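Fold and geometry: a report
Each chain is listed here by its residues.
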Amino acid sequence: MIGFLRGKLLRKQPPLLLLDVQGIGYEVEAPMSTFYDLPDTGTEIELHTHLVVREDAHILFGFATESERRMFRSLIRVNGVGPRLALTILSGISADAFARCVRDNDSAALTRLPGIGKKTAERLVVEMRDRLDQMQGEAAAGSTGSTREEAMSALIALGYKPAEASRMLQNIKETDLSSEELIRRALQGAVRA
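These lines cover the structure that appears in this document, whether it is placed above or below. (Residues numbered from 1 in each chain as written. Predicted model: local features only at pLDDT ≥ 70, side-chain atom pairs only at ≥ 80, totals over all residues. Heavy atoms only, no water.)

1. Examining the packing of aromatic side chains
Definition in use: Working definition: a ring pair exists when centres of Phe, Tyr or Trp rings (six-membered ring for Trp) sit within 6.5 Å. Plane angles under 30 degrees give stacked, over 60 give edge-to-face, the rest tilted. Only DSSP runs of H or I covering at least 4 residues are called helices, and only runs of E covering at least 2 are called strands; the numbering of each starts at the N terminus. Each residue gets one of three labels from its accessible area relative to the maximum for its type: buried under 20%, exposed over 50%, partly exposed in between, using a 1.4 Å probe on protein chains only.
Throughout the structure, instances matching the rule amount to 2 aromatic pairs. Their ring planes at 35 degrees and their centres at 5.1 Å tell us that Phe61 and Phe72 sit as a pair that is tilted. Residue Phe61 is found in strand S5 (residues 58-63), and its partner Phe72 is found in helix H2 (residues 66-75); the two are separated by 11 residues along the sequence. We note that Phe61, like Phe72, is buried. With a centroid separation of 4.9 Å and an interplanar angle of 45 degrees, the aromatic rings of Phe63 and Phe72 are classed as tilted. You can call Phe72 buried: its relative accessible area is 0%.

Right under this line is the structure:
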């Protein structure tokens, strides 16, 4: 996976950026929240990235901050929300406003975003509530977030639903464990349950 890119910003045409990284031009799609913070073309920038591999394309998404990328990754785990819709959400509402909507069960506010119907908004409110709490806990714990995120991704890859994987990890209170140890303990807890 490509974790970040650092290079010269050659072109910015929302939602597409062109970044020259040592002579290789990377096309990166970014939300408007990232575009607002970009300097002029010709300037060196760094983007946190997420690579989506599909049968017909490899698409690189870029974000100004790690928290923005974390929110994107949480959004695409919601049933019915793909990368394009997640990008639209991040472009149309700030992460803080989105979190407020989720915590206040305000699905009506989310339906004002393009491409978000009533059912999708309700699903976002339900499925993102636990994830937002987890993301805040990870941000407070610093590096613990990345190990918990890795463990979460691994459990999902093993076939657990995101909500179930999140519950499995919430039962583990220690904060200084490696992702491998988190996965092992989560699986042991699942076997006992």
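Once you've had a look at it, read on.
2. Re the environment of Leu60
Definition in use: The contact criterion used is simple: two residues touch if any of their non-hydrogen atoms lie within 4.5 Å.
With respect to the element layout, Leu60 can be found in strand S5. Given the relative accessible area of 6%, Leu60 is considered buried. When sequence neighbours within four positions are dropped, the list of residues in contact with Leu60 reads Ile2, Leu5, Tyr26, Glu27, Val28, Glu29, Thr49, His50 and Leu51.

3. Quick notes on the pairing of S5
Where we set the bar: Pairing between two strands is assigned when DSSP locates at least 2 bridges connecting them.
Of all 6 residues in S5, 5 are buried, a share of seventy percent or more. Two strands pair when backbone bridges link them, and strand S3 (residues 24-29) and S5 are joined in this way by 2 bridges, in the parallel orientation. Residue pairing in the sheet places Val28 in a bridge with Leu60 of S5. Both strand S4 (residues 44-53) and S5 contribute to a ladder of 6 bridges, which runs antiparallel. By the bridge assignment, His48 is partnered in S5 with Phe63.

4. Here's the deal with the pairing of strand S1 (residues 4-13)
Here S1 runs beside S4; their pairing, made up of 5 bridges, is antiparallel. Within S4, the position partnered with Arg6 by the bridge is Glu46. Pairing of S1 with strand S2 (residues 16-21), which is carried by 5 bridges, proceeds in the antiparallel orientation. Bridge assignment links Arg11 to a residue of S2, and that residue is Leu18. The turn joining S1 and S2, which pair antiparallel and follow one another in sequence, is formed by 2 residues.

Fair warning: the whole summary comes from geometry, so function is off the table for now.
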